[in-house]
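# Structural description and commentary
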Amino acid sequence: MFVDLEKIELLDGLLCFNPYFMVLAVIVLGHFFYSWYKSYIETGWKLDVWHLTLFPSFILSCVIMYPFASSEMNFFATGTGYIQFSPYVEEAFFISLVGYFSMLLGKAYYIRRPHKFGRFNFLSNIVLTNICHSTVLYLWSLMCILFFVVSFYLSLREGMLFNGRGWFLTHPSYRFVGNFVTGIYVLCFSYIGMRLLSGMGRREDKYLLLGLFLSSIAWGSRSETFGPIFFLFSCWCYLNSTVSLKKILGVGVLIFVGVILLGVLRGQNGVQEDFLDAIALVGSNIFYGNSFSDVRDFAWMLSGFDGVYQMGITYISGFSSFLPSDIFPWRREYAMGVYTLELAGIPNITGEHPGLRGGPFFEMFFNFSYIGVIISGFVLGYLLERTDRGMRYYVEYERNVIKGYLVSLPYILFSTATITAGMFKIYVLIGFHLVSIFVEAFLHHKNKGRIL
């Protein structure tokens, strides 16, 4: 649709964009920060769930990165692929904007409806019970640390230091084990952290969190290592409204740098002679690397799209993610990760590449066109606003981020389901809580029997 649009280059090609789309990006960015400032003035919340969720997932990776996505500087991450995807960046950006505007409509619809908090459904009560009981959480956490130690050894043996995930990707028979344990890690880290913030944790919980974090670095996944830290820092800010914006920004920069450095470590296979040179390229990694490349990668996929929509096939494959792809090859054949690489024309001989990211709406588009983007965006906006209001309610009236988290479960489940690369996480979430509740009940019954 926008393939033939004229673009201009600035700063010797560091920036490359269509001026009309650039104006649109500036308007969206301005509206986002105006919305945040208005919310801050009205409520006193410096950070809130709505803006904090959308900033990394859309504003940073799609809007801010738009003028960098077509630059020839992307050569360092994509090779000559930038020639292929550059004409499609505007289309990828436009599709993402349609989804974002649909989210705003979903938010407006929720605001106009009455909403009450205080009751939780069956799933939420199970999650609350498991968070409040520490024994099973400790057992899961120790299992995660042991797993990361083993993955460190396996990856080191094959010269893949700080890339345990890469080892499991190249060994499909064990891939589901890695997906399962890393999903458990995120839950354990988040739940123990929320217990500490809510005054329920013990002193040794801090050391357990530190052990979980340090061991997870060997896995090499930036989202799974720093995602829970970002989440807990956000919860801490919700509970401490007096913290200054300067401190919030400082911690945010540290997390941001950590994300980049882990990517450098993984790419350099650890500390080598040229590591300092790699650090010097951090700026290039930020704007032209793979950390915040959603709009660029979406454009790369669109460059090979023939207009034939998948009509839910990738979702069927994703919903069946509990089946090992090594035993059921059809599941991998129709997986979205494989499909994205085929669209972009990227070979994946070793199987290490998990696929491209395209932001929150790319898979819906390739399956159901704009209709899917609009509907999913509307539902996401509705559920995210509900999550935002729920967190505000429980922090202000009960100072309880755990209950605020429970309100977010519908959004977490739906947003995860819209991108099937994370579908396995839903099964991990359900399995984790079912096993935990039964183990806790067994231990409670056993201890009760001893007392009697």
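Figured I'd write up the structure that's included with this text. (Residues numbered from 1 in each chain as written. Predicted model: local features only at pLDDT ≥ 70, side-chain atom pairs only at ≥ 80, totals over all residues. Heavy atoms only, no water.)

### Observations concerning the state of the cysteines
For the structure shown, the criterion picks out zero disulfides. Looking at the unpaired Cys 132, the closest cysteine sulfur is the one in Cys 235, lying at 15 Å. No disulfide involves Cys 188; its sulfur sits 4.8 Å from that of Cys 144, the nearest cysteine. When its relative accessible area of 0% is taken as the criterion, Cys 188 is described as buried. (Disulfide = S-S within 2.5 Å. Buried < 20%, exposed > 50% of the residue type's maximum accessible area, 1.4 Å probe, protein only.)

### What about the nonpolar core?
Ranked by internal contacts, the top residues of the largest apolar core, which has 111 residues, are Tyr 191, Phe 366 and Tyr 405. It is helix H20 (residues 362-398) that contributes the most residues to this core, 10 residues altogether. If sequence neighbours within four positions are ignored, Phe 366 has contacts with Phe 298, Met 301, Leu 302, Phe 305, Tyr 309, Gln 310, Met 336, Tyr 339 and Leu 343. (Core = buried A, V, L, I, M, F, W, Y, C linked by side-chain atoms within 4.5 Å. Helix = DSSP H or I, 4+ residues; strand = E, 2+ residues; numbered from the N terminus. Contact = heavy atoms within 4.5 Å.)

### Here's the deal with the side chain of Ser 376
Secondary-structure assignment places Ser 376 in helix H20. Exposure remark for Ser 376: the relative accessible area of 2% places this residue in the buried category. Separated by 2.8 Å, the side chain of Ser 376 and the backbone oxygen of Gly 372 make a polar contact. Look past the residues within four positions of Ser 376 in its chain and what remains in contact with it is Phe 361, Met 364, Phe 414 and Thr 418. (Polar contact = N/O pair within 3.5 Å; in protein donor to acceptor, adjacent residues only side chain to side chain.)

### What about the packing of aromatic side chains?
Applying the stated criterion across every chain yields a total of 55 aromatic pairs. Measuring from centroid to centroid gives 6.0 Å for Tyr 109 and Tyr 382, while their planes differ by 40°, and the two rings are tilted. Here the residue Tyr 109 occupies a position in helix H6 (residues 89-111), and Tyr 382 occupies one in helix H20, the gap between them amounting to 273 residues. Assessed through its relative accessible area of 39%, Tyr 109 is described here as partly exposed. Residue classification places Tyr 382 among the partly exposed positions, given a relative accessible area of 23%. If you follow Lys 107 out to its NZ or CZ, it ends over the ring of Trp 50, 4.5 Å from the centre. The ring of Trp 45 carries the charged tip of Arg 392 above its face, separated from the ring centre by 5.3 Å. (Phe/Tyr/Trp six-rings, centres within 6.5 Å; stacked < 30°, edge-to-face > 60°. Lys NZ or Arg CZ within 6 Å of the ring centre and 35° of its normal.)

### Overview of the packing of helix H2 (residues 49-64) against H20
At a minimum axis distance of 8 Å, the contact between H2 and H20 shows a crossing angle of 135°. Here H2 lies oblique to H20, going by the angle between them. Contact residues: H2 offers Val 49, Trp 50, Thr 53 and Leu 54, while H20 offers Gly 381, Leu 384, Glu 385, Thr 387, Asp 388 and Met 391. Taken together, the residues of the contact of H2 with H20 break down into five nonpolar, three polar and two charged. (Axes fitted to C-alpha atoms, helices over the stretch in contact; angles between N-to-C directions. Parallel < 35°, antiparallel > 145°, perpendicular 65-115°, else oblique. Nonpolar A, V, L, I, M, F, W, Y, C, P; charged D, E, K, R; others polar.)

### What to know about the packing of helix H16 (residues 294-302) against H20
Relative to each other, H16 and H20 sit at 25°, their axes nearing to 11 Å. One finds that H16 runs roughly parallel with respect to H20. With respect to the hand of their crossing, H16 and H20 are arranged in right-handed fashion. Only Phe 362, Phe 365 and Phe 366 of H20 make contact with H16, whose side of the interface consists of Phe 298, Met 301 and Leu 302. Per-class residue counts for the contact of H16 with H20 are six nonpolar, no polar and no charged. (Left-handed = near helix turned anticlockwise from the far one by under 90°.)

### Brief notes about unusual backbone geometry
Its identity is not glycine, yet Asp 12 carries a phi of approximately 55°, on the positive side. Looking at where Asp 12 falls in the secondary structure, it is placed in the loop between strand S1 (8-10) and strand S2 (15-17). With relative accessibility at 82%, the residue Asp 12 sits in the exposed group. With a phi angle near 55°, Met 311 is a residue other than glycine that sits in the positive phi range. The class for Met 311 is exposed, based on a relative accessible area of 59%.

Scope: geometric values only; no functional claims are made or implied.
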